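Fold and contact review
Listed here are the chains, written in short residue letters.
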Amino acid sequence: MTGELAFVGDIHGNLGALRGIQCVLDRRGVGHTVFLGDYINKGTESAGVLEELIVRSRSGRATLLAGNHETALLESLDNHDLSAFLKMGGAATIRSYAGAQVGPEVLADLRSNLPVLVLDALRQMPTRYESDTVIAQHIPPRSITHKYCVSAHLPVGRLPLINNYSAQIDTGCGGHGGRLTALLWPSRTYVQVDEVGRVVDG
């Protein structure tokens with residue numbers, strides 16, 4: 001294992017991209033990975049993405065931060081109202097758990113097919129990772145800090161935006177042609193895979 005830390009941007013239900021970036025990071029010997037949230041919706045494999053991430057987290061190799069899509073799912077379950085969740089692409093997540101033929105009782109179907117382990121993991125996700133030198137969270141912070149800030153949430157194009165003070169690493173994974181980006185710390189270099197998990201150079 002190296003002393004490198006990795007931060008990974010929005011995945012949005014793309015299991016192939018997740019597996020691809022994990023292979024790259026494992027080959028590099030990255031010691032720990034912080035995933036910045038938005039694991040679900042848009043792509044077709046939200047259930048598989050969460051399952052693999054939870055296994056990795058429980059092994060101690062990853063920290064899973066909550067994104068706004070995970071928060072919206074929990075709020076919909078707590079409020080017994082899926083309308084807001086569906087507006088942000090939640091149907092893909094519901095199908096990944098309940099199957100393609102979702103019945104008229106959509107909320108009940110989701111509840112009965114969402115494993116307790118997954119629900120517990122979602123509720124336990126912190127919103128921020130912080131060390132002596134870096135802060136990472138899903139949505140870019142509004143307050144000024146002397147620490148380096150890493151965020152996702154806002155798609156910035158095919159390449160991440162990295163400067164001397166911050167990095168934004170949502171590069172569209174889960175959508176057609178999107179990439180999944182991992183920022184390496186402390187070097188502030190990055191690696192990317194495409195939508196099927198192949199390494200992208202440039």
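Provided above is the structure to which this section pertains.
1. Details of a nonpolar patch on the surface
A cluster of nonpolar residues, L159, I162 and Y190, forms a patch on the protein surface that exposes about 230 Å² of accessible area. Here L159 shows up in the loop between β6 (148–151) and β7 (161–162). Classification of L159 by relative accessible area gives partly exposed; the value is 39%.

2. Some details on the environment of V134
Counting through the fold element by element, V134 comes out in strand β5 (residues 134–137). Given the relative accessible area of 0%, V134 is considered buried.

3. Brief notes about the side chain of N14
As for its position among the elements, N14 is in the loop between β1 (5–8) and α1 (15–28). Of note is the side chain of N14, whose polar atom sits 2.8 Å from the backbone nitrogen of A17. Those residues within four positions of N14 in sequence are excluded, and the remaining contacts are V49, C173, G174 and E195.

4. Thoughts on the sheet that holds strand β2 (residues 32–35)
What the 6 strands build is an open sheet, ordered β3-β2-β1-β9-β10-β11; its pairing is mixed. Because the sheet does not close on itself, it has two edges, and the strands there are β3 (62–64) and β11 (199–200). Two strands pair when backbone bridges link them, and β2 and β3 are joined in this way by 3 bridges, in the parallel orientation. Residue F35 lies in a different strand from β3, and its bridge partner there is L64. Strands in contact with α1 are β1, β2, β9 (180–185), β10 (189–193) and β11; relative to β10, the strand with the most contacts, it is inclined by about 140°. The strands that helix α2 (residues 46–58) touches are β2 and β3; relative to β3, the one it contacts most, it runs at about 125°.

5. Comments concerning the pairing of β2
Within a regular strand, side chains alternate between the sheet's two faces. Of the two faces of β2, the one carrying H32 and V34 and the one carrying T33 and F35 are both buried. Bridge count between β1 and β2: 4 bridges; the pairing is parallel. Bridging from a neighbouring strand, V8 pairs with F35 of β2. For the crossover from β1 across α1 to β2, the handedness is right-handed. With respect to chirality, the unit in which β2 leads through α2 into the neighbouring parallel β3 is right-handed.

6. Regarding the sheet that holds β6
Strand pairing in a sheet takes place through backbone hydrogen bonds and is either antiparallel or parallel in direction. Ordered in space as β4-β5-β6-β8-β7, the 5 strands form an open sheet in which the pairing is mixed. Lying at the two open borders of the sheet, with one neighbouring strand each, are β4 (128–130) and β7. Inspection of the sheet shows β6 paired to strand β8 (residues 166–168) by 3 bridges, in the parallel sense. Bridge pairing links V150 to A167 in β8.

7. What to know about the side chain of D10
As for its position among the elements, D10 is in the loop between β1 and α1. Of the side chains with opposite charge, K42 comes closest to the buried, unpaired D10, at an N-O distance of 6.2 Å. A distance of 3.5 Å separates the side chain of D10 from the side chain of H12, its partner in a polar contact. One polar contact links the side chain of D10 to the main-chain amide nitrogen of H153, over a distance of 3.2 Å. In contact with D10, not counting residues within four places along its chain, are G37, D38, H138, A152, H153, D170, C173 and L180.

8. A short note on the environment of G43
Tracing the backbone shows G43 in the loop between β2 and α2. Classification of G43 as buried rests on a relative accessible area of 9%. Between the C-alpha atoms of G43 and L15, which are 28 residues apart in sequence, the distance is 8.5 Å. When sequence neighbours within four positions are dropped, the list of residues in contact with G43 reads H12, G13, A92 and G174.

Calculation rules
- Residues numbered from 1 in each chain as written.
- Predicted model: local features only at pLDDT ≥ 70, side-chain atom pairs only at ≥ 80, totals over all residues.
- Heavy atoms only, no water.
- Patch = residues over 30% accessible without salt bridge, like charges linked within 9 Å, V, L, I, M, F, W, Y side chains within 5 Å.
- Areas by Shrake-Rupley, 256 points an atom, 1.4 Å probe, with all protein chains shown as cover.
- Salt bridge = Lys/Arg side-chain N within 4 Å of Asp/Glu carboxyl O.
- Helix = DSSP H or I, 4+ residues; strand = E, 2+ residues; numbered from the N terminus.
- Buried < 20%, exposed > 50% of the residue type's maximum accessible area, 1.4 Å probe, protein only.
- Polar contact = N/O pair within 3.5 Å; in protein donor to acceptor, adjacent residues only side chain to side chain.
- Contact = heavy atoms within 4.5 Å.
- Pairing = 2+ DSSP bridges.
- Axes fitted to C-alpha atoms, helices over the stretch in contact; angles between N-to-C directions.
- Right-handed = clockwise from strand over helix to strand, strands pointing away.
- Lys, Arg positive; Asp, Glu negative; His and termini not counted.

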